[in-house]
Amino acid sequence: KGKGRLIVVVRNLKDAMCSLHNFRGTPIDGWLGNEHGPGSFHRFLMLDDCPNAMGSAFHWVRENGKAVEDIGKERTLVVHYESLILNFGAQLKRINDFLRLPDLTEAKTRAIEEACSFKTMGSSQLRTRHNCRK
């Protein structure tokens with residue numbers, strides 16, 4: 001087997017479903033569907049032929065589960081999206097330790113957190129490579 005490592009970021013599927021529903025404004029077919037289509041709820045539950053831009057969340061979970069089994073749990077780190085939002089610094093430390101990288105300084109941790117923020121990612125100031133090297 002190889003020596004690579006796998007980091008899987010997971011999100012509560014109920015939150016993912018609501019986020020997808022509102023991703024680009026409320027869809028014309030609404031939540032439960034109408035004359036315009038099946039609705040966000042039905043699309044989200046589709047396993048095969050899911051029309052969502054990111055594909056089926058259930059398919060993604062299944063395939064990543066297989067990848068974790070294949071690569072081995074000792075070479076895999078699961079990071080919960082909600083934990084990243086609640087305590088980014090602690091999760092970044094987990095990721096850093098898992099990758100066996102040198103300890104991050106407080107300044108570098110803050111710079112990475114700022115570079116990964118919704119505010120920065122949604123602006124024209126997105127210069128992650130530059131920000132992470134400070």
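See the structure shown above.
Residues numbered from 1 in each chain as written. Predicted model: local features only at pLDDT ≥ 70, side-chain atom pairs only at ≥ 80, totals over all residues. Heavy atoms only, no water.

(A) Geometry of the overall build of the protein chain. A count of helical and extended segments in the protein chain gives 8 helices and 2 strands. Starting at the N terminus and ending at the C terminus, the protein chain contains elements arranged as β-α-α-α-β-α-α-α-α-α. Per-residue burial for the protein chain yields a buried fraction of 27% across its 134 residues. Sequence separation of at least 24 residues holds for 49% of the intrachain contacts in the protein chain that already meet a minimum separation of 6. Put simply, the protein chain shows about 9600 Å² of open surface, and 57% of that area lies on carbon and sulfur atoms. (Helix = DSSP H or I, 4+ residues; strand = E, 2+ residues; numbered from the N terminus. Buried < 20%, exposed > 50% of the residue type's maximum accessible area, 1.4 Å probe, protein only. Contact = heavy atoms within 4.5 Å. Areas by Shrake-Rupley, 256 points an atom, 1.4 Å probe, with all protein chains shown as cover.)

(B) The arrangement of the layout of surface pockets in detail. By volume, the second largest pocket amounts to about 340 Å³. Lining the second largest pocket are 13 residues, and of these Tyr81, Leu84, Ile85, Phe88 and Cys116 lie nearest its centre. Elements with a contribution of two residues or more to the lining of the second largest pocket: β1 (6-10), α4 (81-86), α5 (88-98) and α7 (118-121). Here the lining of the second largest pocket is built from residues that sort into 11 nonpolar, 1 polar and 1 charged. (1 Å grid on protein atoms, 1.4 Å probe; cavity = no way out; pocket = protein on both sides within 12 Å on 5 of 7 lines; lining within 4 Å. Points joined across faces, edges and corners; volume = space filled by probe spheres on them. Nonpolar A, V, L, I, M, F, W, Y, C, P; charged D, E, K, R; others polar.)

(C) Quick peek at the pattern of salt bridges. For the coordinates displayed, the defined rule picks out 3 salt bridges. Where glutamate 63 meets arginine 62, a salt bridge forms, and the shortest distance between an N and an O atom there is 3.6 Å. Judged by its relative accessible area of 33%, glutamate 63 falls in the partly exposed class. Residues joined in a network through salt bridges with shared partners are Arg62, Glu63 and Lys66. (Salt bridge = Lys/Arg side-chain N within 4 Å of Asp/Glu carboxyl O.)

(D) Representation of the side chain of glutamine 91 within the structure. Here glutamine 91 lies in helix α5. The class for glutamine 91 is buried, based on a relative accessible area of 10%.

(E) Region of the structure containing the nonpolar core. Ranked by size, the top nonpolar core spans 8 residues in total: Leu77, Val79, Leu84, Phe88, Leu92, Ile95, Phe98 and Ile112. Mapped onto this core, the elements with two or more residues apiece are β2 (76-80) and α5. Sort the elements by how many residues they give to this core and α5 lands first, with 4 residues. (Core = buried A, V, L, I, M, F, W, Y, C linked by side-chain atoms within 4.5 Å.)

By themselves these figures say nothing about function.
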